[in-house]
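# Examination of the molecular architecture
Next come the chains, spelled out residue by residue.
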Amino acid sequence: MHILFLKWSISSDPPTIFMNRNKENTGCDFVGAKSKIYEAEDKYVPVEAKQGSLVLIHGNVVHRSHANTSDGSRNAYTFHAYEGHNADWGKTNWNQPTDRGTFVQLY
C-alpha cells in the first residue's frame, strides 16, 4: 500500500488550507487559499507502507491514500493530540466528537 504525501506541505508557517466538514456533513472539503492544489493527484508523492507499519504524520502534512479495492479490511488507528488549554475547537473541523465518545483530556 502507498500513502501519498504533498512533500512540501509541512513548513514552519501556520497552515493556510484546512480540511473541514462539508455543509452536508457527509464528508470533507479542502478550504482556503490554493485549496485546488491539494486535489491535484499529480502533486502527491507515493511512499510505501508495508503491512504492519507504523506511520507517524505531522498535522500540517497533507496526505491521502487510494481506495481499498481488496476484499480485506484496511485497518487504521489514529491518535490526534492538540493543546487543549483555552483551545477553540472549530465546529467545521473534520475531526469532531461523536455520540460514541468525545475527546479525552490526557493531563
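Before reading further, recall that the structure is shown in the block above.
One structure accompanies this document, and this report is about it.

A cluster of nonpolar side chains, contributed by F79, V104, L106 and Y107, occupies part of the molecular surface with about 580 Å² of accessible area. When you line up the elements, L106 lands in the segment after β5 (63–65).

The topology assignment puts Q51 in the loop between β4 (45–48) and β5. According to the relative accessible area criterion, Q51 is exposed, its value standing at 87%. Along the backbone, Q51 and R74 are 23 residues apart, and their C-alpha atoms lie at a distance of 9.5 Å.

Below, the discussion takes up the sheet that holds β5. Sheet strands line up and pair through hydrogen bonds in the backbone, either parallel or antiparallel. Pairing is antiparallel in the open sheet, where three strands are placed in the order β4-β1-β5. Edge positions in the open sheet fall to β4 and β5, since each of these has one partner strand only. Between one strand axis and the next, the sheet turns by 35° as a mean value, whatever way the strands run. Taken together, the three bridges between strand β1 (residues 2–5) and β5 define a ladder with antiparallel strand orientation. Opposite I3, over in β5, you have S65 as the bridge partner.

Now for the side chain of N95. Along the chain, the position of N95 falls in the segment after β5. In contact with N95, not counting residues within four places along its chain, are H80, W89 and F103.

On to the pairing of β1. Pairing of β1 with β4, which is carried by four bridges, proceeds in the antiparallel orientation. In the sheet register, L4 faces β4, and the bridge partner there is P46.

Each value, and the rule that gives it
Residues numbered from 1 in each chain as written. Predicted model: local features only at pLDDT ≥ 70, side-chain atom pairs only at ≥ 80, totals over all residues. Heavy atoms only, no water. Patch = residues over 30% accessible without salt bridge, like charges linked within 9 Å, V, L, I, M, F, W, Y side chains within 5 Å. Areas by Shrake-Rupley, 256 points an atom, 1.4 Å probe, with all protein chains shown as cover. Salt bridge = Lys/Arg side-chain N within 4 Å of Asp/Glu carboxyl O. Helix = DSSP H or I, 4+ residues; strand = E, 2+ residues; numbered from the N terminus. Buried < 20%, exposed > 50% of the residue type's maximum accessible area, 1.4 Å probe, protein only. Pairing = 2+ DSSP bridges. Axes fitted to C-alpha atoms, helices over the stretch in contact; angles between N-to-C directions. Contact = heavy atoms within 4.5 Å.

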